[in-house]
Amino acid sequence: IKIAVSTTISAQGWPVLFPRASYSVELITEFVFIAHEAFGLQVWFTVMCVFQGRCAEDLYKGIQSSDSGVRCDSLKQLADVSTDITFAQEFISRDGHSLLVQIVEEDKESCLIMTHTLTGFMELMDHGIVSWENLSSAFIKKIASFVNAKVQDASIQRLALAILENMVLSSNSLFQLVRQEVTLERLITHLQVTNQQIQTKAMALLMALLQTAGEVDRQNIIHSSGPVGDEMAHYLYVLQSVTLNLLEPLMRTPLDSYNQDQRDMLHNLRQLAFETESEGSLSNERRRSLCAKEFKKLGFSNNSNPGQDLVRAPPGLLALDTMTYFASRYPDAYSRFVLENSSREDKHECPFARSSIQLTLILCEIFRIGEPPSETRSDFHPIFFSQDRIFNELFCICIQLLNKTWKEMRATQEDFDKVMQVVREQITRTLASKPTSLELFKNKVNALNYSEILKLRQTERLHQEETLAPPVLELKERLKPELLELIRQQRLNRLCHGTLFRKISSRRRQDKLWYCRLSPNHKVLHYGDVEEDTETPPIETLQEKIPVADIKALLTGKDCPHMKENKGKQNKEVLDLAFSITYDVEEYSLNFIASSRTDFCLWTDGLSVLLGREMSSECMRSELEILLSMEIKLRLLDLENVPIPDAAPPVPKPPSNFNFCYDFSQTEQ
């Protein structure tokens, strides 16, 4: 024990526990060992606390020294030993944390001393001994000033960001103070620096502010991005998800036909699309007829009451919002879309309203609006940090893409779903390339026209169906016997292990258990009643036997004798799990009801093997396909990206003569 204690303290323990050089390793080791040996573990802990108290006292005095070198060394040692909760309690009991707060508030020390001070403060606060709410507003303002300063030491900024994050998460009152002191512009600046640690801490503080803030505050957050690591990518993904989820209330709210503002938005869509004469001079009937006609041209299915098309939520009012944004922001493109389709035949026109509603829903699904952020995902889209109202801008690009794709496909109303599938694919493929701006997204998605989508689908299909090439199919056939034999052996091994079955009486009571297993030499089936808690009974305890040679047939389902006896009383589930074997010239039968479909397949396959028949269960087919797929992939691993010809290369014709062969019968001269 003495050697172990001495080795541990010499290696790492004593400089942390007893940082003063006046204590020798030998003295501390001897003293701790004697205390543990003479008085036991409790006294040993007491001794340790005494030394921790002495250490806390020395550091407390050293921090107040007039010598800056002593102060720096003491604060550095404090940052190292503050991770120990016993030391932290001793130091805080001397009001040491207030001393650190005073150093920060006065801000007269060097960058190195301030870094050690903030590190020690963070370590002490992490123990939860002192509440964050006890901190003064002067201290909070000073920490915020470190973050807001344009010229500041990177280590101090990183620690200040971490301290502010803990404050925001600790209470709502501290959140309000931090929100007032820290400017969003500075946080954005920190997100754009090359220092990954400052980037990460700034994003962590931004996320803490978002989690605590209300919906209005979140909308004021401005985004930016750059090359990021995994942790930073996750923060950006969460920020993107939180921002997009601001649209969830609109997406979940159906249109209210009695809401005048929403009705005005609908009629504004119609008026922006069609230059109509003054409706004041028209009769009510004429006005209703004109509105219905124009709403039909806009693509609403219910032209007399277009609001009914927006009752479905999602996308709800979000679809109306995106349509209104497109019509007001890009009026020329909006009018061109509507008028162009109004001039086509009814079956060939692309309905603007119906397409917009479905496109809005597709965008919501692609960006997972309404789903809480995942704790592990990091697949953010850089385009979302390029400008405000990015969802509406993407809609404006994609609705024009939809019209373009509709024309390329020469679609009719019956092809609506097919067109939407193609548009979804165009959007997802383009977003997968991580465009960083709207302009780049627009160029890429428009270049990915319908013919390109068909080419990509064909290429992927050929890649997936490479296993259907004739040489591969031939290889599969050659591998099948070996893999089937492997499955057969597995089935027999399972029968040798045995299975527990339940007896079902005429009253459908499952009150008795019995066990059945195959002998190791595969010649005899042993079975017998067992108790409830039996797992795998020894084969000797199963008294009943049926020689495999006496088994005549394997029956399943309604052909089983115990199913015929209760005809009309058994449900389909029981029928699917029932099987029987007949033996001794089919005069006797052993009836089974498996506990699961898997057990049913294993036993029927195993019994088929014993009877010399082919296995036919769905489990066997699934397992064979899996084994074949794995074996083919392993064998073709070296041929990746090498095209496999459909036919074997031709064998060259034999040469005209074989005079090139060397004659070894002649002795060299």
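Residues numbered from 1 in each chain as written. Predicted model: local features only at pLDDT ≥ 70, side-chain atom pairs only at ≥ 80, totals over all residues. Heavy atoms only, no water.

Per an unreviewed UniProt entry, the protein chain is named Engulfment and cell motility 3, and its organism is Scleropages formosus. Quoted verbatim from the Function (unreviewed entry) heading of the UniProt record, the comment on the protein chain is "Involved in cytoskeletal rearrangements required for phagocytosis of apoptotic cells and cell motility. Acts in association with DOCK1 and CRK. Was initially proposed to be required in complex with DOCK1 to activate Rac Rho small GTPases. May enhance the guanine nucleotide exchange factor (GEF) activity of DOCK1." (UniProt positions renumbered as here; feature names shortened; annotations may be inferred.)

Asks: Before we move on, could you go through the pairing of strand β2 (residues 512–518) and cite the residues and values that matter?
Replies: Moving residue by residue along a regular strand, the side chains alternate between the two faces of the sheet. Of all seven residues in β2, six are buried; the element is thus mostly enclosed. The pairing of strand β1 (residues 499–503) with β2 spans five bridges and is classified as antiparallel. Note that in β2 the partner of Arg502 across the bridge is Leu513. By the bridge criterion, six bridges tie β2 to strand β3 (residues 524–530) in an arrangement that is antiparallel. Among the inter-strand pairings, Trp514 is bridged to a residue of β3, identified as Asp529. Hairpin geometry of β2 and β3 is characterised by an intervening segment of five residues between the two adjacent antiparallel strands and by a positive phi of about 65° at His522. (Buried < 20%, exposed > 50% of the residue type's maximum accessible area, 1.4 Å probe, protein only. Helix = DSSP H or I, 4+ residues; strand = E, 2+ residues; numbered from the N terminus. Pairing = 2+ DSSP bridges.)

Asks: For the side chain of His97, give the residues involved together with the corresponding values.
Replies: Secondary-structure assignment places His97 in helix α6 (residues 96–106). Given the relative accessible area of 16%, His97 is considered buried. Aside from chain neighbours lying at most four places away, what touches His97 is Phe91, Ile92 and Val130. (Contact = heavy atoms within 4.5 Å.)

Asks: Pulling in residues and values, what's your account of the packing of aromatic side chains?
Replies: Given two aromatic rings, one states the distance between the centres and the angle between the planes to describe the pair. With the rule as written, the count across this model stands at 22 aromatic pairs. Every member of this aromatic cluster is reached through a ring pair, and the members are Phe501, Trp514, Tyr527, Phe579, Phe592, Phe600 and Trp603. Here the basic side chain of Arg270 rests over the ring of Phe295, its NZ or CZ set 5.9 Å away from the ring centre. The ring of Phe416 has Arg354 lying over it, and the distance from NZ or CZ to the ring centre is 3.8 Å. (Phe/Tyr/Trp six-rings, centres within 6.5 Å; stacked < 30°, edge-to-face > 60°. Lys NZ or Arg CZ within 6 Å of the ring centre and 35° of its normal.)

Asks: Explain the packing of helix α22 (residues 416–432) against helix α23 (residues 438–447) to me, using residue names and the numbers behind them.
Replies: Between α22 and α23, the shortest axis-to-axis distance is 9 Å and the interhelical angle comes to 130°. As far as their axial angle goes, α23 and α22 are oblique. As α22 runs across α23, the sense of the crossing is right-handed. Residue-level contacts link Gln426, Ile427, Thr430 and Leu431 of α22 to Phe441, Lys444 and Val445 of α23. For the contact of α22 with α23, the per-class residue count stands at four nonpolar, two polar and one charged. (Axes fitted to C-alpha atoms, helices over the stretch in contact; angles between N-to-C directions. Parallel < 35°, antiparallel > 145°, perpendicular 65-115°, else oblique. Left-handed = near helix turned anticlockwise from the far one by under 90°. Nonpolar A, V, L, I, M, F, W, Y, C, P; charged D, E, K, R; others polar.)

Asks: Got a sec to walk through helix α29 (residues 618–635)? Specific residues and values, please.
Replies: For α29, which comprises 18 residues, the first-to-last C-alpha distance of 26 Å matches the rise-based estimate of 26 Å (1.5 Å per residue) to within 8%. The set of residues buried in α29 consists of Cys619, Met620, Leu624, Leu628 and Ile632. The elements touched by buried residues of α29 are α25 (470–497) and α28 (597–610). (Expected span 1.5 Å × (residues − 1).)

Asks: Any details on helix α20 (residues 352–366)? Residues and values, ideally.
Replies: Under the 1.5 Å per step criterion, the end-to-end length of α20 is 21 Å for 15 residues, consistent within 8% with the ideal 21 Å. The element α20 is largely enclosed, with a buried count of twelve among its 15 residues. Looking at the buried positions of α20, the neighbouring elements they touch are α15 (248–252), α17 (284–298), α18 (317–329), α19 (331–342), α21 (390–409) and α22. With its phi angle positive at about 55°, Arg368 sits one or two positions after the end of α20.

Asks: Quick rundown of the pattern of salt bridges? Include the residues and the values.
Replies: Across all of its chains, the model carries 30 salt bridges by this definition. A salt bridge links Lys61 to Glu57; the shortest N-O distance between them is 3.9 Å. Taken together, the residues span about one helical turn, with Lys61 and Glu57 both in helix α3 (residues 41–63) at a distance of four residues. On the basis of relative accessible area, Lys61 is assigned to the exposed category, the value being 53%. Judged by relative accessible area, Glu57 falls into the partly exposed class, the value being 25%. Its salt-bridge partner being Asp321, residue Arg389 comes within 3.5 Å of it at the nearest N-O pair. Here the residue Arg389 occupies a position in the loop between α20 and α21, and Asp321 occupies one in helix α18, the gap between them amounting to 68 residues. The exposure class of Arg389 is partly exposed, given its relative accessible area of 45%. For Asp321, a relative accessible area of 19% translates into the label buried. Taken together, the salt bridges that share partners define one network made up of Glu57, Lys61, Glu90 and Arg94. (Salt bridge = Lys/Arg side-chain N within 4 Å of Asp/Glu carboxyl O.)

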